[in-house]
Amino acid sequence: MTQTAADSPARRQRAQIKERTLRTDQWWRYPLVTFIIFTAFLVYATWAIFDMDYFVSPYHAPFASPCLATSCPEEARLFGLAPFGDWYTWPPGILILGLPAGFRFTCYYYRKAYYRGFWLSPPACAVGEPHRTYTGESRFPLILQNVHRYFFYAAIVIGLILAYDAVLALVHKPAGLGTWILIANAILINLYTLSCHSCRHITAGRLTHFSRHPVRYKAWTVVSKLNAKHQELALVSMFSVMGADLYVRLVAKGIVSFPFA
Amino acid sequence: MSYKAKFRVWRGEGGEGRLEDFTVEVNEGEVVLDIIHRLQATQAPDLAVRWNCKAGKCGSCSMEINGKPRLGCMTRMSTFTEDETITVTPMRTFPVIKDLVTDVSFNYQKAREIPSFTPPADVKPGEYRMQQIDVERSQEFRKCIECFMCNNVCHVIRDHEENKPGFAGPRFLMRIAELDMHPYDVVDRKDAAQEEHGLGYCNITKCCTEVCPEHIKITDNALIPMKERVVDRKYDPLVWLGNKIFKRSGSKS
Ligand code: SF4
Ligand code: SF4
Ligand code: FES
Ligand code: FES
């Protein structure tokens, strides 16, 4: 390579300023806070996958839903089915967690956040990144981020199942605090899913003539409004799913117990 | 209501130069460009700065103020405290001609590399019939004042000179998106966006959007939608199959 970063003739024509950035504000806050929050989420999720107290009638912890194995309590199985049968004895969350995890991992918002907070590429705008070379999402492995829309399809299904769980809880225990936590979580998760950039593209973003598809255009307008809040929904739904999951497990363990728990 | 502000201004030619300190008068209501002009008028008559409209509309006065790409004419002095030292440098991604003036021809070069608007052969000028909702989306991108601060801040080229040949920068990837969304444009731009203009380099970290003085949602409304269009074309087997079965052209629906 004749034109490598710092010392090429072309590069030397730029203002030679040694500082990585001349920003005087607290630009490091966003990557730092992102790093802390996401790490906390990962630690919690790892613990939750292996924790077996994921069901206490009628509450189902979101990280372990749907439950598809016979090792789940009868009531916890999705529509009473257990397609994975007896041989599967590991925690049921492992079977399905790849879908919501993949959805968030390839989400355009999360990509932005972890490229900044974990990979420092860039840590903040106009702050030099530490890497010598950069190819971004133009080749393997990051080119795989383009599968995002398939995770979106899966996330629609997961979102519906969480809504179904919340309805079951409502039917069996309308006055339970857990019911309302699950309902709030199901709403937030579904709003997050609908605000997805791939969803926006699928509704009508891919068209060039909105006027020929009035219904899809209408859907696009609604999704676009949600999409403008995608980052907020991503974060709020992350906290809500973590909170709801923890709450159900605490009830299941008997740590939280009062009449309307 | 005037006070003496501390300024550090980068001075030099080609890439060589240094930050020079100045103490300069600031009056109520002034912007950074006013102060640069006062320096020219009083202490540094040969200080070079490019400007034109002083109204945030010509895109000439792009510079970096306290490390952030800003328009000199739209950055109010009242946003700084009186004891703060204000550092002003040229844009870091482009070669310096002198002081705050950079050579932005990279951007004109990239603009030329994108095939221009191409209507269908049988439609003559004057015969275009478009509905407002069909062109609305790309009208946002027409607000661009070509200040090139988005291309300047984009880490793909800011931190990696070697990526310049293969990357059009957010300004011109947005131009591709604008044309791809245009109801009367017939050129297929998806493959070229990815392969020639480097859309895949963008990792949607949104710095272009953060600095755009016209508040264009470059990443959300142009780059991500364009990435999704490229997925349709190159990476989504279902869309490919659907286009085969229903014999859709796939490009303009
Ligand atoms: S969003 Fe993409 S194009 Fe915009 S600054 Fe970031 S990497 Fe560059
Ligand atoms: S898109 Fe915004 S930042 Fe980029 S050149 Fe146009 S006005 Fe400037
Ligand atoms: S879920 Fe964030 S973009 Fe799809
Ligand atoms: S002088 Fe025209 S934008 Fe600043």
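Residues numbered from 1 in each chain as written. Chains lettered and ligands numbered in written order. Predicted model: local features only at pLDDT ≥ 70, side-chain atom pairs only at ≥ 80, totals over all residues. Heavy atoms only, no water.

1. A short note on the overall build of chain A
Then, number 1: The helix and strand tally for chain A stands at 10 helices and 2 strands.
Then, number 2: By its C-alpha atoms, chain A is 70 × 50 × 40 Å across when sized along the principal axes.
Then, number 3: Buried residues in chain A amount to 49% of all 261 residues.
Then, number 4: A fraction of 68% describes how many contacts in chain A between residues 6 or more apart in sequence connect residues 24 or more apart.
Then, number 5: Only carbon and sulfur atoms are counted for the fraction: they give 71% of the accessible area of chain A, which is about 12,600 Å².
Then, number 6: Looking at charge distribution, chain A has the averaged site of its 25 positive side-chain charges lying 14 Å from that of its 13 negative ones. (Helix = DSSP H or I, 4+ residues; strand = E, 2+ residues; numbered from the N terminus. Buried < 20%, exposed > 50% of the residue type's maximum accessible area, 1.4 Å probe, protein only. Contact = heavy atoms within 4.5 Å. Areas by Shrake-Rupley, 256 points an atom, 1.4 Å probe, with all protein chains shown as cover. Lys, Arg positive; Asp, Glu negative; His and termini not counted. Charge placed at Lys NZ, Arg CZ, Asp CG, Glu CD.)

2. Describing the interface of chain B and chain A
Reports often express the size of an interface as the amount of accessible area lost when the parts come together.
Then, number 1: Each partner contributes residues to the interface: chain B has 61 residues there, and chain A has 58 residues.
Then, number 2: Regarding the contact of chain B and chain A, the summed buried area is about 5,400 Å², with carbon and sulfur atoms giving 50% of it.
Then, number 3: Our count for the contact surface shared by chain B and chain A stands at 8 salt bridges.
Then, number 4: For the salt bridge of B:E228 with A:R149, the shortest nitrogen-to-oxygen distance reads 2.9 Å.
Then, number 5: On the surface where chain B and chain A come into contact, there are 37 residue pairs in polar contact (both at pLDDT 80 or more).
Then, number 6: Counting residues per element, the ones that place at least two in the side of chain B that touches chain A are β4 (68–71), β5 (85–89), α3 (132–139), α5 (155–158), α8 (207–211), α9 (218–235) and α10 (237–245) of chain B.
Then, number 7: By residue number, the principal contributor to the side of chain B that touches chain A is α9(B), which donates 10 residues.
Then, number 8: For the side of chain B that touches chain A, a count of residues per class yields 23 nonpolar, 17 polar and 21 charged. (Buried area = accessible area lost by both parts, 1.4 Å probe. Salt bridge = Lys/Arg side-chain N within 4 Å of Asp/Glu carboxyl O. Polar contact = N/O pair within 3.5 Å; in protein donor to acceptor, adjacent residues only side chain to side chain. Nonpolar A, V, L, I, M, F, W, Y, C, P; charged D, E, K, R; others polar.)

3. Observations concerning the site of ligand 1
Residues and elements named next belong to chain B.
Then, number 1: Taken together, C154, H155, P170, C202, N203, I204, T205, K206, C207, C208, T219 and L223 are the residues near ligand 1.
Then, number 2: The cavity that encloses ligand 1 is the largest cavity.
Then, number 3: At the level of secondary structure, the elements contributing two or more residues to the shell around ligand 1 comprise α8 and α9.
Then, number 4: Looking at the shell around ligand 1 residue by residue, the class counts come to 7 nonpolar, 4 polar and 1 charged. (Near = heavy atom within 4 Å. 1 Å grid on protein atoms, 1.4 Å probe; cavity = no way out; pocket = protein on both sides within 12 Å on 5 of 7 lines; lining within 4 Å. Sits in = over half its atoms within 2 Å of the grid points.)

4. A word on the site of ligand 2
Then, number 1: For ligand 2, the full set of nearby residues is B:C144, B:I145, B:E146, B:C147, B:F148, B:C150, B:R171, B:M174, B:C212, B:P213 and B:I218.
Then, number 2: Applying the majority rule of atoms within 2 Å of the grid points places ligand 2 in the second largest cavity.

5. Here we look at the nonpolar core
General note: in soluble globular proteins, nonpolar side chains tend to be found buried as a group.
Then, number 1: Counting residues in each nonpolar core, the largest one holds 70 residues, and the members touching the most others are B:F7, B:V32 and B:M77.
Then, number 2: In contact with B:M77, not counting residues within four places along its chain, are B:Y3, B:F7, B:V26, B:E30, B:V31, B:V32, B:I35 and B:I86.
Then, number 3: A:F103, A:Y110, A:Y192 and A:A234 belong to the second-largest nonpolar core, a separate cluster that totals 29 residues. (Core = buried A, V, L, I, M, F, W, Y, C linked by side-chain atoms within 4.5 Å.)

6. Quick notes on the packing of aromatic side chains
Residue and element names in this part refer to chain A.
Then, number 1: For the structure on display, the rule yields 27 aromatic pairs over all chains.
Then, number 2: Judged by centre distance (6.4 Å) and plane angle (90°), the rings of Y110 and Y192 are edge-to-face. Taken together, the residues span a long stretch of sequence, with Y110 in helix α5 (residues 108–117) and Y192 in helix α7 (residues 177–194) at a distance of 82 residues. This pair shows no difference in class: Y110 is buried, exactly as Y192 is.
Then, number 3: Three or more aromatic residues joined by ring pairs form one cluster here, namely F35, F38, F103, Y109, Y110, F118, Y150, F152, Y153 and Y192.
Then, number 4: A cation sits over an aromatic face here: R116 above Y30, 5.4 Å from the ring centre. (Phe/Tyr/Trp six-rings, centres within 6.5 Å; stacked < 30°, edge-to-face > 60°. Lys NZ or Arg CZ within 6 Å of the ring centre and 35° of its normal.)

7. Notes on empty space enclosed by the protein
All names here are of chain B.
Then, number 1: Evaluated as defined, the whole model comprises 7 cavities of 30 Å³ or more.
Then, number 2: Its boundaries defined by the atoms lining it, the largest cavity holds a volume of some 120 Å³.
Then, number 3: Forming the boundary of the largest cavity are 14 residues, of which C154, C202, T205, K206 and C208 lie nearest the centre.
Then, number 4: When contributions to the lining of the largest cavity are tallied by element, the ones reaching two or more residues are α5, α6 (169–180) and α8.
Then, number 5: In the lining of the largest cavity, the residues fall into 10 nonpolar, 3 polar and 1 charged.
Then, number 6: What the second largest cavity holds in volume is close to 100 Å³.
Then, number 7: Forming the boundary of the second largest cavity are 13 residues, of which C144, C147, C150, R171 and C212 lie nearest the centre.
Then, number 8: Taken together, the residues of the lining of the second largest cavity sort by class into 10 nonpolar, no polar and 3 charged. (Points joined across faces, edges and corners; volume = space filled by probe spheres on them.)

8. Considering the pairing of β4(B)
Residues and elements named next belong to chain B.
Then, number 1: Of the two faces of β4, only the one carrying P69 and L71 is buried; K68 and R70 on the other face are not.
Then, number 2: Sheet topology note: the strand β3 (residues 62–65)/β4 ladder contains 4 bridges and is antiparallel. Each residue of the ladder has a partner; that of E64, found in β4, is P69.
Then, number 3: Counting the residues that bridge the hairpin from β3 to β4 gives 2 residues, and of these N66 lies at a positive phi of roughly 45°. (Pairing = 2+ DSSP bridges.)

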